[in-house]
Amino acid sequence: MSTSRPLAPIAQPRTEGRVQVALAGMAAGTPVLTLDGELPVQFLAPGDRVVTRSGARTIEAVEVEVVQDATMICIAASALGHDRPEAVLWVAPDQPLLLRDWRARALFGRESAIIPADRLVDGGYIRRVQVTEARLFRLHFADEEVIYAAGVELPCPPAG
């Protein structure tokens, strides 16, 4: 994202014992807005151009992680506003989301806030679901970027 300072998350990843555990990413099937329209995240590769808040950017790297017995966050269609997400969205608990509406002002006293999906769980429209296996995708760009996935703004860290 083209700003003078990097986006800072509201919360840090969970810790279990002394090991920091951060489970971030989008589930396979998540539609990501590209210059060719929306494409499922699993079809994206380095070199593809994605629409971001900063304009079209080239994917530098794609990380894929398969997690057994994973806790995922299921966000119902329109749970974050009109058509946000456009359909059910599955993300990992520590996947950051960018909020730029009344929720950011009400919850954090800011015009915008980046928070892990897990912090939005309400047990109804946004809930934790245990799944047997999750295939998670993380996109990386030259700089920190915010992409559009199912109509939701998801921050992506820089490559490296």
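All values derive from a computational prediction rather than experimental measurement.

Chemist: I tried to follow the pairing of strand E7 (residues 55–58) on my own but got confused; where do I start?
Modeler: Where a strand is regular, its side chains alternate between the two sheet faces. Two strands pair when backbone bridges link them, and strand E6 (residues 49–52) and E7 are joined in this way by four bridges, in the antiparallel orientation. Looking across to E7, one finds that Arg49 is bridged to Thr58. What sits between the antiparallel neighbours E6 and E7 is a turn of two residues.

Chemist: Would you mind showing me how to read the environment of Arg119 here?
Modeler: Relative to the assigned elements, Arg119 resides in the loop between strand E11 (113–116) and strand E12 (126–140). When the C-alpha positions of Arg119 and Asp94 are compared, they lie 8.7 Å apart, and in sequence the two are 25 residues distant.

Chemist: Got a minute to help me understand the confidence of the model for the chain in this structure?
Modeler: For any part of a model where pLDDT is low, the fine detail of the predicted coordinates should not be relied upon. In this model, the chain carries an average pLDDT of 87, and 86% of its residues clear a pLDDT of 70 or more. Contacts from residues 1–21, a stretch scored under 50 in pLDDT, to residues over four places away or in other chains number 34 contacts.

Chemist: Explain the nonpolar core here, please?
Modeler: Grouped burial of nonpolar side chains is what soluble globular proteins tend to show. Formed by 30 residues in total, the largest nonpolar core has its most connected members in Met26, Val32, Ile75, Leu97, Leu139 and Ile147. Every element with two or more residues in this core is listed here: strand E8 (61–75), strand E9 (89–91), strand E10 (96–99), helix H1 (102–108), E11, E12, strand E13 (145–149) and strand E14 (152–156). Other than its neighbours up to four places away in sequence, Val32 contacts Met26, Gly37, Glu38, Leu39, Val41, Leu44, Val50, Leu139, Ile147, Tyr148 and Ala149. Counting eleven residues, the second largest nonpolar core, distinct from the first, contains Ala27, Val67, Met72 and Val129.

Here is what the cut-offs are and how they apply
- Residues numbered from 1 in each chain as written.
- Predicted model: local features only at pLDDT ≥ 70, side-chain atom pairs only at ≥ 80, totals over all residues.
- Heavy atoms only, no water.
- Pairing = 2+ DSSP bridges.
- Helix = DSSP H or I, 4+ residues; strand = E, 2+ residues; numbered from the N terminus.
- pLDDT = per-residue confidence, 0-100.
- Contact = heavy atoms within 4.5 Å.
- Core = buried A, V, L, I, M, F, W, Y, C linked by side-chain atoms within 4.5 Å.
- Buried < 20%, exposed > 50% of the residue type's maximum accessible area, 1.4 Å probe, protein only.

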